[in-house]
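Coordinates in review
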Amino acid sequence: NAMKDEVSVCADIQTAMFDAVCDAISAAMVIYDRNDRIIFINSRVPTHLPIPDLKLGIGTRLRDLLAALYDSRREVDGPSIAHNIERDEWIAEQLSSHWKERSETVEPCAGGRWLRFIKRRFPSGLGICIITEITEQKKREDQWRLDIERVQLTEEILDTLPLSIFVKDRTTTYVGVNKAGCALLETSADLILGRTVSDIHSDPLASRIDAMDRHVLETGTPAILPERVTRLTGEEALVITRKQRVGKPGRYFLVTTMDDVTAFASAGADGKSVIRGLEHMSFVAS
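Residues numbered from 1 in each chain as written. Predicted model: local features only at pLDDT ≥ 70, side-chain atom pairs only at ≥ 80, totals over all residues. Heavy atoms only, no water.

Notes on the sheet that holds strand β1 (residues 27-32)
The strands making up a sheet associate through backbone hydrogen bonding, with each pair oriented either parallel or antiparallel. The strand order across the open sheet formed by 5 strands is β2-β1-β5-β4-β3, and the pairing between neighbours is antiparallel. The open sheet is flanked by β2 (38-41) and β3 (102-109), the only strands paired with a single partner. Strand-to-strand twist across the sheet, computed as the mean angle between neighbouring axes with direction ignored, equals 15 degrees. Strand direction decides the pairing type here: strand β4 (residues 113-121) and strand β5 (residues 127-133), joined by 7 bridges, are antiparallel. Its bridge partner lying in β5, Ile-118 is registered against Ile-130. On top of the sheet, helix α4 (residues 87-98) reaches β1, β3, β4 and β5; it is set at about 55 degrees to β4, its chief contact. (Pairing = 2+ DSSP bridges. Helix = DSSP H or I, 4+ residues; strand = E, 2+ residues; numbered from the N terminus. Axes fitted to C-alpha atoms, helices over the stretch in contact; angles between N-to-C directions. Contact = heavy atoms within 4.5 Å.)

And the structure:
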């Protein structure tokens, strides 16, 4: 009797330890033997799985627990469960997954919830299934995916614009450029991003641009000026440059747009006088 009492105490201690671990990681846990009979199930399982209590006891067959899970989900979700797989087929597939050495799945549940099932089967035949709710994590992942798609769409739109667009952070380092901007400087985005104006242009042009950039970043006052751009080919272009500050305090960005208006300024009798009347502020793109 003393030995039986000692074994019972050890079992109680193990059960308490399992419960403590499950509470610590906010997980539900089911452990079953080589005959697929449940030998441990913690109190979080009913909160994760809509199964009647009578199917959650020690000694319950894993098959019966899965059948109860199918039936309860069928009541809540209707024909959508498991892509409308027949009951016996669904149970067989689930049992098969429980006999894999390692298995992990993510499944939707009623009320917009998402659960992760991590299953292990050990050489002894002992099996374990850990169930965690990942609804918030899934929402964050979905939001992150939407943000990435939105950024990609924004980049595609900016790349289709004829305007040259440059974005600098508060340290006046280039953090964004579109295709037209690369074409204007006759270089690639890799040679622009992460650099400053002094890496791309030489003085006195670099100092003049930097002073204007910092003034707009510090004051928030937009700037606009016409410039003559001399390309490496020697061709001259009339460009209207606009600079403005965007963002929030501590996270300001400087957006510079350069619009090539040579064709418009040169058209008609008044075009030449417009060009001649502008201050000659040429620079060489390099």
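Considering the packing of aromatic side chains
For the structure shown, the criterion picks out 2 aromatic pairs. On the numbers, 5.4 Å between centres and 55 degrees between planes, the contact of Tyr-70 with Trp-90 is tilted. Taken together, the residues Tyr-70 in helix α3 (residues 62-77) and Trp-90 in helix α4 connect sequence positions 20 residues apart. Here Tyr-70 matches Trp-90 in class, with each residue buried. Judged by centre distance (6.0 Å) and plane angle (65 degrees), the rings of Phe-166 and Tyr-174 are edge-to-face. This pair shows no difference in class: Phe-166 is buried, exactly as Tyr-174 is. A cation over a ring is seen here: Lys-138 above Trp-114, with NZ or CZ 4.2 Å from the ring centre. (Phe/Tyr/Trp six-rings, centres within 6.5 Å; stacked < 30°, edge-to-face > 60°. Buried < 20%, exposed > 50% of the residue type's maximum accessible area, 1.4 Å probe, protein only. Lys NZ or Arg CZ within 6 Å of the ring centre and 35° of its normal.)

Some thoughts on helix α8 (residues 205-219)
For α8, built from 15 residues, the straight-helix expectation of 21 Å at 1.5 Å per residue is met to within 8% by its first-to-last C-alpha distance of 21 Å. Three or more residues of α8 are buried, namely Leu-205, Ala-206, Ile-209, Asp-213, Val-216 and Leu-217. On an axial view of α8, the arc spanned by its buried residues comes to 105 degrees, and they lie on one face. Where α8 is buried, its residues touch β6 (164-168), α7 (197-200), β8 (223-230), β9 (236-248) and β10 (251-260). (Expected span 1.5 Å × (residues − 1). Arc of directions from axis to C-beta.)

Concerning α4
Spanning 12 residues, α4 covers 17 Å between terminal C-alpha atoms, matching the ideal 16 Å at 1.5 Å per step. Those residues of α4 not exposed but buried are Trp-90, Ile-91, Gln-94, Leu-95, Ser-97 and His-98. Down the axis of α4, the sector holding all buried residues measures 160 degrees, keeping them to one side.

A word on the pairing of β6
A large share of β6 lies buried, amounting to 4 of its 5 residues. The sheet contact formed by β6 and β10 spans 5 bridges and is antiparallel. Across the sheet, the residue bridging to Ile-165 is Thr-257, located in β10. The pairing of β6 with strand β7 (residues 174-177) spans 3 bridges and is antiparallel. Bridging across to β7, Lys-168 finds its partner in Tyr-174. Where β6 hands over to β7, the hairpin turn is made up of 5 residues, of which Thr-172 adopts a positive phi near 60 degrees.

Brief notes about the sheet that holds β6
With antiparallel pairing, the 5 strands of this open sheet are ordered in space as β7-β6-β10-β9-β8. A single partner strand is all that each edge strand has here, and the edge strands are β7 and β8. Neighbour-to-neighbour, the strand axes of this sheet turn through a mean angle of 25 degrees, independent of strand direction. The strands touched by α8 within the sheet are β6, β8, β9 and β10, with β9 carrying the most contacts at an inclination of about 30 degrees.

Observations regarding the pattern of salt bridges
If charged atoms from side chains of opposite charge come close, those side chains can pair. The final tally for this structure, using the stated rule, is 12 salt bridges. Residue Asp-142 is joined to Arg-145 by a salt bridge in which the shortest nitrogen-to-oxygen separation is 2.8 Å. With a gap of 3 residues between them, Asp-142 and Arg-145 both fall in helix α5 (residues 135-160), about one helical turn apart. Here Arg-145 falls in the partly exposed class, since its relative accessible area comes to 41%. Here Lys-243 makes a salt bridge to Asp-213, at a shortest N to O gap of 2.8 Å. Of the two residues, Lys-243 sits in strand β9 while Asp-213 sits in helix α8, which places them 30 residues apart along the sequence. (Salt bridge = Lys/Arg side-chain N within 4 Å of Asp/Glu carboxyl O.)

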